[in-house]
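One-letter residues, chain by chain:
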Amino acid sequence: MTFQFESISEFFAMGGYGFYVWLSYALTFIAIGGLIWLSRREHKAILDQAKKELVREEKLKHSA
């Protein structure tokens, strides 16, 4: 089996482009992580709002 890189440090250096390669990976993971976090937060807020509306509707039914 042949490898493209002779050492682990060469792998991380990526022929002099390592900074840009690893920075792009980091930014991608941060962006995806942020999207997941925001989506879950919004999903929870929507569920909480729906529960509040159901409780309010039940109160209105029983008070009428």
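These numbers were taken from a predicted model, which means no experiment stands behind them.

### Some points on the overall build of the protein chain
Right, so step 1: Helix and strand counts for the protein chain stand at two helices and zero strands.
Right, so step 2: Dimensions of the protein chain, computed from C-alpha atoms along their principal axes, come out at roughly 80 × 25 × 10 Å.
Right, so step 3: The proportion of buried residues among the 64 residues of the protein chain is 2%.
Right, so step 4: Surface summary for the protein chain: the accessible area is close to 6,300 Å², and the carbon and sulfur share equals 66%.
Right, so step 5: Here the protein chain contributes 8 positive and 7 negative side-chain charges, whose respective centroids are spaced 15 Å apart.

### Some points on the UniProt feature "transmembrane region" (unreviewed entry) in the protein chain
Right, so step 1: Residues given the UniProt feature "transmembrane region" (unreviewed entry) here are residues 20-38.
Right, so step 2: Measuring from the first to the last C-alpha atom of residues 20-38 gives 27 Å, for a span that is 100% helix and 0% strand.

### Points about the environment of Leu 60
Right, so step 1: Counting through the fold element by element, Leu 60 comes out in helix α2 (residues 18-63).
Right, so step 2: The class of Leu 60 is exposed, set by a relative accessible area of 54%.
Right, so step 3: Through-space distance from the C-alpha of Leu 60 to that of Ser 24 is 54 Å; in sequence the pair is 36 residues apart.

What counts and what doesn't
Positions within a chain are numbered from 1, following the residues in the order the chain's sequence is written. With the structure being a predicted model, the display of local features is reserved for residues of pLDDT at least 70 and the display and counting of side-chain atom pairs for 80 or more, all residues being used for whole-chain, interface and lining totals. No hydrogens and no water enter the side-chain calculation; it runs on all heavy atoms of the structure. Strands are runs of DSSP state E lasting at least 2 residues, helices are runs of H or I lasting at least 4, and numbering of each runs from the N terminus. Relative accessibility under 20% of the residue-type maximum defines a buried residue, over 50% an exposed one, and the middle range a partly exposed one, all with a 1.4 Å probe and only protein chains included. Only the protein chains shown count as covering a residue, and every accessible area follows the Shrake-Rupley method with a 1.4 Å probe. When charges are tallied, Lys and Arg are placed among the positive residues and Asp and Glu among the negative ones, while His and the ends of the chain are skipped. For this purpose, a charge sits on NZ of Lys, CZ of Arg, CG of Asp or CD of Glu. UniProt positions are given in the numbering used here, feature names are shortened, and annotations may be inferred rather than shown by experiment.

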